[in-house]
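# Observations on the three-dimensional arrangement
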Amino acid sequence: MFFSLIAIAAVIALFVIVSRQQNRIALVERELGVLRGLVQSGASLPAPKAAAHQGLSEEVKVAASPVAPLADGTTMTEEGVATPEVVESEAEAGPWTKAQAAEGRSAEPSEPAQLQPVADAPAAEKPTAAKVARQTDVETALGTRWAVWVGGIALALGGLFLIRYTIEAGIFGPGVRLTMAGILGLALIGGAEFIRRTGFKVPVQGAAGAYIPSILTAAGAFILFGTVYAAHGIYGFIGPATAFALLGVIGVATIVASLVHGLALAGIGLVGAMVTPSLVASQAPNPWALFVYLAIVLAASAATARFRDWKALMAAAFVGTGVWTILYMVDAPDVNLAAVLFISLATLAVLAFVWLGLFMVTGREGAARGFDWPSIVPGFFIALTAMGLSVDPAFASAGDALHGAVLLAALVGVALYRPRALPLVFAAGIAAVLIYLGIIPPATIGADALDVGLDAQPLASSDALTFRIGIALGLVFLAAGFWAARRFAATASTRAACWAAWGVIPPLVVLTALWLTFGDIDRDLGYALPALLLMLVFAVGGEWIARAEQPPLAGGPAVSFALGGAGVAGLLMLHMAFGSGWTTVLLGAAAILPALATRWRSYPALGWIAVGAAVAVLGRVAFDPTIVGAEFLSRTPVFNWLLPGYGVPALAFGFAAWQLARTTSGRPRLAMEAASALFALLTIAMLVRHAMHGGVIDIGAVTLAEQAIYTLIALGAGAILVAIDMRSPSSVLRYGSIAAGVISAGLIAIQHFVVLNPLLTDESTGTIPVFNLLFLAYLLPAIAAGALALYVRDKRPRWYAAMLALIAALLAFAYATLSVRRLFKGEFIALWSGLGQLETYTYSALWLVIGVALLTAGVWLKSQVLRIASAVLIAVAVVKVFLFDMSELEGVLRALSFIGLGAVLIGIGLFYQRLLTRAARDAKQIS
């Protein structure tokens, strides 16, 4: 059935090829007609260009060559072919007209007529190279590539089918059948070599992938693989060792032969070589035989890939070796650690000395360019092997973590030796970080957050060996990272930054993991001292790298990583050496140090380190607002841990912003200004809450009095930010002041008018007639909001001032209304206590008076918002009088209500008439 399908495909291919050849011949005849017309006219062709004739047949190229008339009436083409002068009628000149031919004949010999571009011919007659290439694509695919590929597959399968047929027919014995198959495979390989040595080439463009010697060699190798496997796995003619050796030799030989026959053959040989260990069964597998064999295959693949620059082949070889290593470590009952180390180190040796030797460029600049992506594969598998040796209890209990550390150090060493193997340091760094994060006990970092029990065990073992290995690995990464960062600082800033990052991250992670695992979390000076030393080393290392930059002391990414690491080490040192309160205070004060350093160095990272300190302090106070813990917080108002815990960072951040404004400025300065303003507000707010709740700030609901203080603080902060912004313009101060006002308006609308309103909560307003809760919660905020609205009228957007004016008017209205309610009801003014007739009338009169007052203030201040507010309030009073007072009031109160409303409305109308009359008169005088 298979051969029938091949025959049908061959017939179809032949039909297509013949059809295409007919079209091609017709095209050549048309082109020759054009050339005959030119020859008749005596014209000469310009020199052919390779790009114009790419894809044309050899006949067309010869015909299109320049012609030169000879003495005997013949012409000599550029290819050296002499042709007789052809005299044809002018009508046979193809697309060339009689006039063009006559013009060509009359031309002077010194200026021969030139061939007109093909574009001048009719569209249907343009024999362009692109059109010819399109017409021959399918033909080339069918007649060259597909036919050869299918033929090669057919040969390979034919060898296997021959063996199967002899088995089914019983013609030959197993030995004869295998011998015949082996002879067929060798014959195919020998025939391929014979064809290649006879100078075989593929002259057809696009058919280079169908190189016949390569296909025949692949088919022969395929048959030999099958023959050796059958001799071992099916018939048992040869033992495991012999079969293993023969399959390995075939695979390696195929890979080496790919130097001549191409990448496809190398892939076949590599696949066969990597599959060989799984094809050969043994009662007592020898890991050394496996890994020595894999090392030989890997070296042969690397040498082949090196000469031909086959990155995919190299990556595939690394994948095969790595997969076999991991499978051996997972499945083998007793792992031979020496064999695992051998194949891992052999892989690194092949990478460094064989594969990357091709790309070794003389000079630091050449070595710093790019990275080798196949290096990702060995980095991944060797790092995975090291993690297995360090984390897996079966290995870690035997002390194999030391061998894992050796592999990680080897990865770093190869990355140093071969700069293009940069992925290796990433693999080693990630593996080291994961290993030491795994030794931290879950209970130390919060078992509840990890959704595990308090008796859960860490992922990796923690013992004295782990402790010593961690210190050694930290030093390896630190030394290698900073040395390489300085080496590449002037030529490859990205590479230098990568090395600096991995010179900082593993030491910090190792130190943190050892502290959380072996040290005292609350306070441990034994770990604080190494953290301080690490901070100094990182800072000095950053300066050392900066001096190697071009230009020096530019503070590039590598320097930023080093200084950032110094900042993190300082943060760890404070947490290790001090208690909760002093850590927060000193961490806030530490923001001054990088800001002061900008006086001597303009490194961009310094300002961001100060910002990082502010973020760290903010995180600490969010985790514990009491600074020292609720049980240790004093109940003394003002003078307690809240004052330095919030106040010192506020002052330090303000000083840092001031210092940055005079040196590097930029966004870090704006961030520090915002942090200073935020902590200043938090200082006052936390002290107020502490005082009003008897020294307790983490429990108890917010009262209206407390909320009123917060509102006054926010309004005052808005005014302060505006004043500072007018003296020293800053976008943070500008938008911060607007944000403070908006937040204040939101708090008033939600808390003062709805959530904490005494009408709805029935909270006590106090026994003092004037200076009571209403005075604090409504009148003072009204005055503050009104004053702020006046202050920002020409300094902030109009909508902002209008919002504050409206809030002030509403607060004043609420104060007056609630004060009347308190006058009638006393200390408790809940809405459900009812309304009296006199109280109802008083509200109408009061609202009219307030409306008139707002109208007067609006005219005096030229505030449209106040005038609109007065109109709305008077409209509310009108609605109340007509809908509520008419039904609720009786007798004289009803009459007085309507009389008062009418008088006020008439007075307002008269006021507006006089106002408009005066405005019209003033406008007439001006005109």
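Now for a description of the structure that goes with this document. Source: prediction; values computed, not measured.

With that out of the way, let us pick up the overall build of the chain. Across its full length, the chain holds 34 helices and three strands. Evaluated residue by residue, the chain yields a buried proportion of 44% over its 927 residues. Taking the contacts inside the chain whose residues are at least 6 apart along the sequence as the reference set, 70% of them involve residues at least 24 apart. When the accessible area of the chain is evaluated, it comes to approximately 45600 Å², of which 69% is carbon and sulfur surface.

Turning to a nonpolar patch on the surface, a few remarks are in order. Taken together, Ile750, Val754, Val755, Leu760, Leu831 and Trp832 make up a surface patch of nonpolar side chains, about 620 Å² in accessible area. Per element, the largest residue contribution to the nonpolar patch is three residues, and it comes from helix H28 (residues 731-755). Inspection of the secondary structure assignment puts Val755 in helix H28.

With respect to the helices and strands, His690 occurs in helix H26 (residues 667-692). A distance of 3.4 Å separates the side chain of His690 from the side chain of Asn640, its partner in a polar contact. With residues near it in sequence (within four places) discarded, His690 still touches Leu633, Ser634, Arg635, Thr636, Pro637, Asn640, Leu642, Gly695, Val696 and Ile697.

Before going further, it helps to examine the nonpolar core. Ranked by size, the top nonpolar core spans 137 residues in total, and within it Leu408, Tyr436, Trp499, Phe538 and Met672 carry the most contacts. Of all the elements, helix H19 (residues 493-518) adds the most residues to this core, at 14 residues. Counting 32 residues, the second-largest nonpolar core is a separate cluster that includes Val722, Ala785, Ala789 and Tyr815.

Moving on, we come to the packing of aromatic side chains. Within this structure, the stated rule accounts for 13 aromatic pairs. Judged by centre distance (5.6 Å) and plane angle (45°), the rings of Phe353 and Tyr417 are tilted. Of this pair, Phe353 sits in helix H11 (residues 337-355) while Tyr417 sits in helix H15 (residues 401-417), placing them 64 residues apart in sequence. Residue classification places Phe353 among the exposed residues on the basis of a relative accessible area of 53%. What makes Tyr417 partly exposed here is its relative accessible area of 43%. Relative to Phe679, the ring of Tyr646 lies with its centre 6.4 Å away and its plane at 40°, an arrangement referred to as tilted. In this pair, Tyr646 sits in helix H25 (residues 642-661) while Phe679 sits in helix H26, placing the two residues 33 residues apart along the sequence.

Take the packing of helix H24 (residues 604-623) against H26 next. Packed helices, taken two at a time, are described by their axes: the angle between them and the distance between them. Across the interface, H24 lies against H26 with an axial gap of 9 Å and an inter-helix angle of 25°. Taken as axis vectors, H24 and H26 run roughly parallel relative to one another. Where H24 crosses over H26, the two elements pack in a sense that is left-handed. The residues of H26 that touch H24, namely those facing Gly607, Trp608, Ala610, Val611, Ala614, Val617, Leu618 and Val621, are Arg667, Pro668, Ala671, Met672, Ala675, Leu678 and Phe679. Of the residues contributing to the contact of H24 with H26, the split by class is 13 nonpolar, one polar and one charged.

Moving on, we come to unusual backbone geometry. The omega angle of the peptide bond from Gln550 to Pro551 is -5°, so this bond is cis rather than trans. Here Pro551 lies in the loop between helix H20 (525-546) and helix H21 (557-577). Although it is not a glycine, Ile627 sits at a positive phi angle of roughly 75°. For Val638, which is not a glycine, the phi torsion comes out positive at approximately 70°. With respect to the helices, strands and loops of the structure, Val638 is situated in the loop between H24 and H25.

To continue, consider the environment of Phe813. You can see Phe813 is positioned in helix H31 (residues 798-825). Here Phe813 falls in the partly exposed class, since its relative accessible area comes to 24%. Remark: the alpha-carbon pair of Phe813 and Tyr778, spanning 35 residues in sequence, is separated by 8.9 Å. Leave out the neighbours within four places in its chain, and Phe813 touches Trp847, Ile850 and Leu873.

Below, the discussion takes up H31. Its 28 residues place the ends of H31 40 Å apart at the C-alpha level, agreeing with the 40 Å of an ideal helix rising 1.5 Å per residue. Taken from the residues just after H31, Gly826 is the one with a positive phi, measuring 95°.

Reading the values: the criteria
Residues numbered from 1 in each chain as written. Predicted model: local features only at pLDDT ≥ 70, side-chain atom pairs only at ≥ 80, totals over all residues. Heavy atoms only, no water. Helix = DSSP H or I, 4+ residues; strand = E, 2+ residues; numbered from the N terminus. Buried < 20%, exposed > 50% of the residue type's maximum accessible area, 1.4 Å probe, protein only. Contact = heavy atoms within 4.5 Å. Areas by Shrake-Rupley, 256 points an atom, 1.4 Å probe, with all protein chains shown as cover. Patch = residues over 30% accessible without salt bridge, like charges linked within 9 Å, V, L, I, M, F, W, Y side chains within 5 Å. Salt bridge = Lys/Arg side-chain N within 4 Å of Asp/Glu carboxyl O. Polar contact = N/O pair within 3.5 Å; in protein donor to acceptor, adjacent residues only side chain to side chain. Core = buried A, V, L, I, M, F, W, Y, C linked by side-chain atoms within 4.5 Å. Phe/Tyr/Trp six-rings, centres within 6.5 Å; stacked < 30°, edge-to-face > 60°. Axes fitted to C-alpha atoms, helices over the stretch in contact; angles between N-to-C directions. Parallel < 35°, antiparallel > 145°, perpendicular 65-115°, else oblique. Left-handed = near helix turned anticlockwise from the far one by under 90°. Nonpolar A, V, L, I, M, F, W, Y, C, P; charged D, E, K, R; others polar. Expected span 1.5 Å × (residues − 1).

The values reported here are purely geometric and, on their own, carry no functional implication.
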